[in-house]
Amino acid sequence: MANVALRIDGRAVSVPSGTTVMDAARELGIEIPALCHDKSLPVASACRLCIVEVGGSSKLQTSCSLLARDGMDIRTGTDRIVRYRRSILQFLLDSHPNDCLTCDKAGECLLQKYAWQYGVAFREHDGVRRPEHVDLSSPYIVKDDSKCILCGKCVRVCYQVEEERQVLAFAGRGYGTRIVADDDLTLEASKCVSCNRCVSVCPVGALTDRRAARKGRTWDLAKEVKHCRVCDYGCSFEVLKKNGKAVAVRALPPGPGRPLCLKGRLTTELLNVPEPDAPYRKLGGKFQKASWAKVLGLQKLLDKLNEADAKPEK
């Protein structure tokens, strides 16, 4: 594949044809902020934070969708760009609950990171705020619509797996737009399989891992990556450790060919966390506390093993 040569913030770079400006900038160690972008997901250009200036054009363009071309002269942090990014962040914060002190996503939230980076803060105003709407029906996922920034990453990652997991979607219009499960059902009543793909890519605290909640602040936790051994996909999970003791497991973003599943996550948790929380399984649209053997689908095997062991030797 032929290369294209361009300049970004005055520095020359050569990248394969078809590379986006955002990825070309990354080659130079330049991070362009983005809330909706993920290399493993279709480009959405929804958050508009990744805007850049292109020499010879007065139009700001999104670097996540703009392909690098020969001779381009890109600017990523001019006063004009910074002013636009600050406005976008301010609009998002104006609709966002001011609960960073207690939010489980604090320290890992991209909105928090960029607000600090661009000097944007919460403010009092008389306008509309996104209404509180928290779904606590699942023992595995907390869905808080008031924190959602509508980046759509959860919808796109949910849609990547076969039909049974295409649960999340946009619903409503305008400021009333929000993410819903199936026909606006709770996560418990919907066909959500609790794989936590959506949680793993959410850039804010709108979707969080309920089993990892309140187990420790991110800056107090050591993290160790473990690969699931339930099947050949080998999905990645993160074991969270506090004071040297494993306290929870979180799903890491799904890579190509790694779909993530609840069985893999719970197996990783059982093998690595000394005192895991009780597991649940969904039966008839209701979560029920169950034994580990039942949740992991091992009950019949255990019964057979016990039956075999109980037989007198011939």
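What counts and what doesn't
Residues numbered from 1 in each chain as written. Predicted model: local features only at pLDDT ≥ 70, side-chain atom pairs only at ≥ 80, totals over all residues. Heavy atoms only, no water. Pairing = 2+ DSSP bridges. Helix = DSSP H or I, 4+ residues; strand = E, 2+ residues; numbered from the N terminus. Axes fitted to C-alpha atoms, helices over the stretch in contact; angles between N-to-C directions. Contact = heavy atoms within 4.5 Å. Disulfide = S-S within 2.5 Å. Buried < 20%, exposed > 50% of the residue type's maximum accessible area, 1.4 Å probe, protein only. Phe/Tyr/Trp six-rings, centres within 6.5 Å; stacked < 30°, edge-to-face > 60°. Core = buried A, V, L, I, M, F, W, Y, C linked by side-chain atoms within 4.5 Å. Patch = residues over 30% accessible without salt bridge, like charges linked within 9 Å, V, L, I, M, F, W, Y side chains within 5 Å. Areas by Shrake-Rupley, 256 points an atom, 1.4 Å probe, with all protein chains shown as cover. Salt bridge = Lys/Arg side-chain N within 4 Å of Asp/Glu carboxyl O.

Caption draft 1: Highlighting the sheet that holds strand β4 (residues 60-62). Taken in spatial order, the five strands of this open sheet run β2-β1-β5-β3-β4, and their pairing is mixed. What marks the edges here is a single partner per strand, and that holds for β2 (11-16) and β4. Each neighbouring strand pair of the sheet contributes to a mean axis angle of 40 degrees, computed without reference to strand direction. Pairing between strand β1 (residues 3-8) and strand β5 (residues 73-75): two bridges, direction parallel. Looking at β5, one finds that I8 is bridged to I74. In the packing of helix α2 (residues 79-94) onto the sheet, contacts are made with β3 (51-54), β4 and β5, and the angle to β3 comes to roughly 160 degrees.

Caption draft 2: Spotlight on the sheet that holds strand β12 (residues 236-242). Pairing is antiparallel in the open sheet, where three strands are placed in the order β11-β12-β13. A single partner strand is all that each edge strand has here, and the edge strands are β11 (221-227) and β13 (245-251). Each neighbouring strand pair of the sheet contributes to a mean axis angle of 30 degrees, computed without reference to strand direction. Where β12 and β13 come together, six bridges link them in antiparallel fashion. Bridge assignment links V239 to a residue of β13, and that residue is V249.

Caption draft 3: Representation of the state of the cysteines within the structure. Using the criterion set out here, one finds zero disulfides in the structure. Free cysteine C154: the closest other cysteine sulfur is in C148, separated by 6.1 Å. The closest cysteine sulfur to the non-disulfide-bonded C202 is located on C151, 6.2 Å from its own sulfur. On the basis of relative accessibility, which here comes to 9%, the residue C202 falls in the buried class.

Caption draft 4: Expanded view of the packing of aromatic side chains. Evaluation of the coordinates by the stated rule reveals one aromatic pair. When the ring of Y140 is compared with that of F287, the centres are 6.0 Å apart and the planes differ by 65 degrees; the resulting orientation is edge-to-face. Here Y140, found in the loop between β6 (134-135) and β7 (141-144), pairs with F287, found in strand β15 (residues 286-289); they are 147 residues apart in sequence, far enough to count as distant. Residue class for Y140 comes out buried when judged on its relative accessible area of 0%.

Caption draft 5: Layout of the nonpolar core. Grouped together as the largest cluster of nonpolar side chains are 42 residues, with contacts concentrated most on L111, I141 and L168. Sorting the residues of this core by element identifies α2, α3 (110-117), α4 (153-159), β9 (178-181), α5 (197-201), α6 (262-272) and α7 (292-295) as the ones contributing at least two each. If one sorts the elements of this core by residue count, α2 sits on top with four residues. With near-sequence residues (within four places) excluded, L168 lies in contact with C154, V155, C158, I179, V180, A181 and C198. Counting residues in hydrophobic clusters, the runner-up holds 21 residues, among them A24, A25, I32 and C64.

Caption draft 6: Spotlight on the environment of E269. Tracing the chain through its elements places E269 in helix α6. With 23 residues separating them in the primary sequence, E269 and A246 have C-alpha atoms 9.2 Å apart. Apart from the residues lying within four places of it in its own chain, the contact partners of E269 are R211, V249, P276, D277 and W292.

Caption draft 7: Spatial organisation of the pairing of β13. Within β13, six of the seven residues are buried, leaving the element largely enclosed by the surrounding structure. Joining the antiparallel neighbours β12 and β13 is a turn of two residues, in which N243 adopts a positive phi near 55 degrees.

Caption draft 8: Structural detail: the environment of P279. With respect to the helices and strands, the residue P279 is situated in the loop between α6 and β14 (280-283). Overall, P279 belongs to the buried group, its relative accessible area being 2%. For the pair formed by P279 and A310, sequence separation is 31 residues and the distance between their alpha carbons is 28 Å.

Caption draft 9: Highlighting a nonpolar patch on the surface. On the surface, a nonpolar cluster with roughly 330 Å² of combined accessible area is contributed by L298, L301, L302 and L305. Inspection of the secondary structure assignment puts L305 in helix α8 (residues 299-310). By relative accessible area, which is 43% here, L305 ends up partly exposed.

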